[in-house]
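Structural characterization, general
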Amino acid sequence: MMNLPINRQMEQETNYNKIRTKVFEEFCDSLGRENVFDNIEERVCYSFDSTKETSIPDLVVRPHSTEHISKIVSIANQHSIPICPRGAGTGLSGGSVPIKGGIALDLKNMNRIVELNARDLTVTVEPGVVTKDLQDEAAKHRLFYPPEPGSAGFSTIGGNVAECTGGMTGMKYGVTRDYVLALEIVLPDGSVINTGSKTLRSVAGYDLTRFFVGSEGTLGVLTKITLKLLPLPAKIGTVMAYFKDIDSALNTADSIIIKNHLHPRSLEFVDKVCIDAVRGSAGKEIPEEAEAFLLIDVDGNEKNVANDISRIDALCSENSALKTSI
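Analysis parameters
Residues numbered from 1 in each chain as written. Predicted model: local features only at pLDDT ≥ 70, side-chain atom pairs only at ≥ 80, totals over all residues. Heavy atoms only, no water. Helix = DSSP H or I, 4+ residues; strand = E, 2+ residues; numbered from the N terminus. Buried < 20%, exposed > 50% of the residue type's maximum accessible area, 1.4 Å probe, protein only. Areas by Shrake-Rupley, 256 points an atom, 1.4 Å probe, with all protein chains shown as cover. Lys, Arg positive; Asp, Glu negative; His and termini not counted. Charge placed at Lys NZ, Arg CZ, Asp CG, Glu CD. Pairing = 2+ DSSP bridges. Axes fitted to C-alpha atoms, helices over the stretch in contact; angles between N-to-C directions. Phe/Tyr/Trp six-rings, centres within 6.5 Å; stacked < 30°, edge-to-face > 60°. Lys NZ or Arg CZ within 6 Å of the ring centre and 35° of its normal. Core = buried A, V, L, I, M, F, W, Y, C linked by side-chain atoms within 4.5 Å. Contact = heavy atoms within 4.5 Å. Expected span 1.5 Å × (residues − 1). Polar contact = N/O pair within 3.5 Å; in protein donor to acceptor, adjacent residues only side chain to side chain. Left-handed = near helix turned anticlockwise from the far one by under 90°. Nonpolar A, V, L, I, M, F, W, Y, C, P; charged D, E, K, R; others polar. Parallel < 35°, antiparallel > 145°, perpendicular 65-115°, else oblique.

**Some remarks on the overall build of the chain**
The secondary structure content of the chain amounts to 11 helices and 15 strands. Dimensions of the chain along its principal axes, counting C-alpha atoms only, are 70 × 50 × 30 Å. The 326 residues of the chain split such that 47% are buried. Surface summary for the chain: the accessible area is close to 16200 Å², and the carbon and sulfur share equals 51%. Of the side chains in the chain, 34 bear a positive and 43 a negative charge, and the two mean positions are spaced by 3 Å.

**A closer look at the sheet that holds strand β5 (residues 113-117)**
Spatially, five strands are ordered β5-β6-β10-β8-β9 in an open sheet, and the strand pairing comes out antiparallel. With partners counted over all chains shown, the strands left at the sheet margins are β5 and β9 (192-196), one partner each. Adjacent strand axes in the sheet meet at a mean angle of 10°, parallel and antiparallel pairs treated alike. The pairing of strand β8 (residues 180-186) with β9 spans five bridges and is classified as antiparallel. Bridge pairing links A182 to G196 in β9.

**Regarding the packing of aromatic side chains**
For any pair of aromatic rings, the description rests on two quantities: the centre-to-centre distance and the angle between the ring planes. Evaluation of the coordinates by the stated rule reveals four aromatic pairs. Plain terms: the ring middles of F211 and F212 are 5.7 Å apart, the flat faces sit at 85° to each other, and that makes the pair edge-to-face. On the accessibility criterion, F212 (6% relative accessible area) is buried. Against the face of F37 rests R62, its NZ or CZ located 4.2 Å from the ring centre.

**Here's the deal with the nonpolar core**
L134, I157, V161, L183, I225 and L227 are the most contacted members of the largest nonpolar core, which totals 23 residues. Elements with a contribution of two residues or more to this core: β6 (122-125), α5 (131-139), β7 (143-144), α6 (157-163), β8 and β10 (221-228). Sequence-distant contacts of I225, defined by excluding residues within four places in its chain, comprise V123, T124, V125, P127, I157, G158, V161, V180, A182 and L183.

**Quick word on helix α9 (residues 246-259)**
The terminal C-alpha atoms of α9 lie 19 Å apart, and with 14 residues this matches the ideal 20 Å at 1.5 Å per residue to within 8%. Buried residues along α9 sit in contact with β12 (235-243), β13 (266-271), β14 (292-300) and α11 (302-318). The N-capping residue of α9, defined by a side-chain oxygen 3.4 Å from the backbone nitrogen of D247, is D245. H261 lies just past α9 and shows a positive phi near 55°.

**A word on the sheet that holds strand β1 (residues 36-37)**
One open sheet holds the four strands; their spatial order is β1-β2-β4-β3, and the pairing between them is mixed. The open sheet is flanked by β1 and β3 (83-86), the only strands paired with a single partner. Where β1 meets strand β2 (residues 59-61), two bridges bridge the pair, whose relative direction is antiparallel. Paired with V36 across the two strands is V61, which belongs to β2.

**Focus on the packing of α9 against α11**
Remark: α9 packs on α11, axes separated minimally by 9 Å, with the N-to-C direction vectors making an angle of 145°. As α9 packs across α11, the resulting crossing turns out to be right-handed. Within the contact between the two elements, α9 uses T252, S255 and I256 and α11 uses I312, L315 and C316. The class makeup of the residues in the contact of α9 with α11 is four nonpolar, two polar and no charged.

**Topic: the environment of L295**
Here L295 shows up in strand β14. Contacts of L295, omitting those with residues within four sequence positions, involve M168, T238, V239, M240, S266, L267 and E268.

**Points about the packing of helix α2 (residues 24-31) against helix α4 (residues 66-78)**
Packing of α2 against α4 brings their axes to within 10 Å, and their N-to-C directions diverge by 165°. Taken together, α2 and α4 sit at an angle that is classed as roughly antiparallel. Crossing of α2 over α4 shows right-handed handedness. Where α2 approaches α4, its residues E26, F27, S30 and L31 are matched on the opposing element by H68, K71, I72, I75 and A76. Of the residues contributing to the contact of α2 with α4, the split by class is five nonpolar, two polar and two charged.

**So, the side chain of H68**
Structurally, H68 can be placed in helix α4. With residues near it in sequence (within four places) discarded, H68 still touches S30, L31 and P63.

Remember that the coordinates give geometry; whether it matters functionally is a separate question.
Below is the structure:
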């Protein structure tokens, strides 16, 4: 076991024994023994995410379908055993760390892109689909899914929706909640409901879809997710600008957005601590006196991107940028 307080260890062992004696065989019968894991080596792998929180689950189960999840949740509900849904475990809020043991519900095997409808600008996926895989599939149809967390290469859509992730493109395109159209959800008693609709405009009735987005798995388990897609921009341009102080960088941001009404795809501010951290590995030379950095992306058709890049580069220079790169 990991270094947990003695009373916490005893509590988790009690829960573990409860699962072993009362429900272990039920899970094996419902899912198959190959999808139920009770060995300590496997359980420890599910005891943490990208935070410093740790808690070892009493059992790990890997469903392959909505029906599997419904059975798991129903059994757990009957025996008052907590369940913690888990995607790739990349979160920074502790949302995929089990509480007081219980069951880690690993959704990575539910990783199908069920349907991509290019004419309707929608895609329906299972929760285990990796964000980057979805973006790559959409790009084949000249479409894109804007929310792009830093962990897009390995985080999953289910986790993105559960945490309502944002990403660098949030300034122009919004965050995950702005793209979720419909959900299939297994509720805590094992029943299955559907919310929303596969249309870009659906405003009648209670907005249950948004109620579940960002709930971190506390209200139900997401089993299918329908998302809105957008036409893929023809071109993306980038300006990198270094400044001698924070005020110069902030004034530049004000000039771009407020004074000149430009709408970048992203505008990221980086302070001296981060600049120093990457200075040794940066491919391009960073001025020694740089204490602030702006990373600015714009997108659209080629003519507009070229025009916006030129204007932003000029605004950086007007606000005493030490160096700009395009």
